[in-house]
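Descriptive analysis of the structure
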Amino acid sequence: MASKARYLPSITTSIRDALRPQFHQQTRVFSACSRCRTDGVFRELTEMRTRVPFIEAFKKQQDETSKSPPVSTEKVERDLTPKTMSDSYTKIILPLARDPWLLDSYINSSGHIRLGTIFMDLDALAGVVSYKHTGDAAVMTVTAAVDRITLAHPLNEICDLELSGKVTFATGRSSMEVSLQVAKAPEEGKEVQDSDILLTCAFTMVSLDPATKRPVAIAPLKATSPAEERLFAQGQANYDLKKSLASQALRKQTPNDEESDLIHALWLAQLDYRDPSTSAHKPSDAVYMSSTTIHSVQIMQPQFRNRHNFMIFGGFLLKSTFELAFTCASATSHTRPRFIALDPSTFLHPVPVGSVLYLTATVAYSDSPLVPAGEAKASPEGSSRIQIRVDSKVRDIEHGVTKPTGTFSYTFEVKKEIKVIPETYAQYMLFLDARRKYQLSGGMVERKKGGVME
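Everything in this summary refers to the structure shown in the same document. (Residues numbered from 1 in each chain as written. Predicted model: local features only at pLDDT ≥ 70, side-chain atom pairs only at ≥ 80, totals over all residues. Heavy atoms only, no water.)

**Structural notes on the packing of helix H8 (residues 257–274) against helix H10 (residues 425–440)**
For any two helices packed against each other, one specifies the crossing angle of their axes together with the interaxial distance. In the contact formed by H8 and H10, the axes pass within 11 Å of each other and the chain directions differ by 130°. Relative to H10, H8 is oriented oblique. When you trace H8 past H10, the crossing you get is right-handed. Between H8 and H10, the contacting residues are Glu258, Glu259, Leu262, Ile263, Leu266, Trp267 and Gln270 on the first element and Tyr428, Met429, Phe431, Leu432, Arg435 and Arg436 on the second. Its residues assigned to classes, the contact of H8 with H10 shows 8 nonpolar, 1 polar and 4 charged. (Axes fitted to C-alpha atoms, helices over the stretch in contact; angles between N-to-C directions. Helix = DSSP H or I, 4+ residues; strand = E, 2+ residues; numbered from the N terminus. Parallel < 35°, antiparallel > 145°, perpendicular 65-115°, else oblique. Left-handed = near helix turned anticlockwise from the far one by under 90°. Contact = heavy atoms within 4.5 Å. Nonpolar A, V, L, I, M, F, W, Y, C, P; charged D, E, K, R; others polar.)

Rendered as structure tokens:
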């Protein structure tokens, strides 16, 4: 027995030595400082966006002796010579297939890639692209609007992704259009094919004077090829269309005759559903708009700040609104929604770090009509394309002031017939606004099957 006891320490030591290398290989580094992993955004983009740790910026803000006002662009010599599209072109690779720990930040419970996290990356990339065009030091550039995000092809496998973009429209005013795309990463030395493009989108970025926060002029863009001329012309058309739509908004004009007839028919229908003396009954696949509404409230943390340290970057708002819209569509349909597109959406006010963000999501429209209006249905039989409207507002905790920060309209396809019933005048206006956006896009995009992005 004593002899066995003498051998026990050596056996234990041998086992420990044999296991130590394997244990070392599987251990993850506790500290993440060197990789600057401050949020769900790919670390390469985060490093481009956040230039100093928040604690340093916070201490500097609190230290009265070190405070210095921002330098106005009027006191800085700026280069406003025309730039080319290639000057701002940026491309990164997300190695999702090669890096399982990176994939961990992008995957959801069903094994699909979280589109909300991709949206964060796209906004961060748009910022990088715009600063390449304007220069890094003299101006501050913010996301003013998302002009459109469209699903081009489904992603049928987990693979490395290529995110790329460039400025495609800028006339020398304060704004510029940044066109971006997400595609399957091609093999070394090969170009992305059209069939590999998964998402396309366009962001409107605006440059501001750091001191006055007023718009400032930027370098105009010059096209150097017929292809670039077409991109520039498309940007001009997008700009003109946004101005035209803004002048026709329901806040500025009453509904037209056809829209007035439609909402009157809807009003009569919902009155009949509530009248026990009539034989009309609410269809089983119809839902009252008010019953679809869900909310979220969250405090804004510095991990989601922009490069100016004390404001939340637009990508976080896109992620938050998309995931609430997805939840709303799922809760209403009791199915797993498939993302189709994000309609043009505008950021109205900045969201400060430390403020409270309130989001409200509602099913505002469905292509399965309650009252026939002679419109073609884009979704297949037994399915519906529904538009989720997400309204966002921010509240300053210290002063209690609440401001709207933007409205986002997401379209999903669900495997269920859903009809929407507005009840109040405000809901009828939400219904008409969503219907206009849906019609403007022509039913969104051609129906694609499958995919692992949601």
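**Quick word on the pattern of salt bridges**
What the rule picks out here adds up to 16 salt bridges. The shortest N-O distance in the salt bridge between Asp147 and Lys242 comes to 3.1 Å. Taken as a pair, Asp147 in strand E2 (residues 140–151) and Lys242 in helix H7 (residues 226–247) lie far apart in primary sequence, 95 residues in all. Relative accessible area serves as the criterion here: at 8%, Asp147 is assigned to the buried category. Assessed through its relative accessible area of 32%, Lys242 is described here as partly exposed. (Salt bridge = Lys/Arg side-chain N within 4 Å of Asp/Glu carboxyl O. Buried < 20%, exposed > 50% of the residue type's maximum accessible area, 1.4 Å probe, protein only.)

**Digging into a nonpolar patch on the surface**
Taken together, the side chains of Leu241, Leu245 and Leu440 make up a nonpolar region of the molecular surface, amounting to roughly 250 Å² of accessible area. Relative to the helices and strands, Leu245 resides in helix H7. Assessed through its relative accessible area of 35%, Leu245 is described here as partly exposed. (Patch = residues over 30% accessible without salt bridge, like charges linked within 9 Å, V, L, I, M, F, W, Y side chains within 5 Å. Areas by Shrake-Rupley, 256 points an atom, 1.4 Å probe, with all protein chains shown as cover.)

**Let's talk about the nonpolar core**
Core analysis: the biggest nonpolar cluster contains 86 residues, and Phe119, Leu161, Phe339, Ile388 and Tyr410 have the highest contact counts within it. If near-sequence neighbours (up to four positions away) are discounted, Ile388 is found in contact with Ala325, Cys328, Ala329, Ala361, Thr362, Val363, Phe408, Ser409, Tyr410 and Phe412. By size, the runner-up hydrophobic cluster in this structure holds 5 residues, among which are Tyr131, Met140, Ala144 and Leu208. (Core = buried A, V, L, I, M, F, W, Y, C linked by side-chain atoms within 4.5 Å.)

**Thoughts on the packing of aromatic side chains**
This structure, assessed with the given rule, holds 13 aromatic pairs. Ring centres of Phe339 and Phe412 lie 6.1 Å apart, and the angle between their planes is 70°; this geometry places the pair in the edge-to-face category. Taken together, the residues Phe339 in strand E8 (residues 338–342) and Phe412 in strand E12 (residues 402–414) connect sequence positions 73 residues apart. Among the residues examined, Phe412 registers a relative accessible area of 0% and is labelled buried. The ring of Tyr239 has Arg173 lying over it, and the distance from NZ or CZ to the ring centre is 4.6 Å. The aromatic ring of Tyr288 is capped on one face by Arg274, whose charged end is 4.6 Å from the ring centroid. (Phe/Tyr/Trp six-rings, centres within 6.5 Å; stacked < 30°, edge-to-face > 60°. Lys NZ or Arg CZ within 6 Å of the ring centre and 35° of its normal.)

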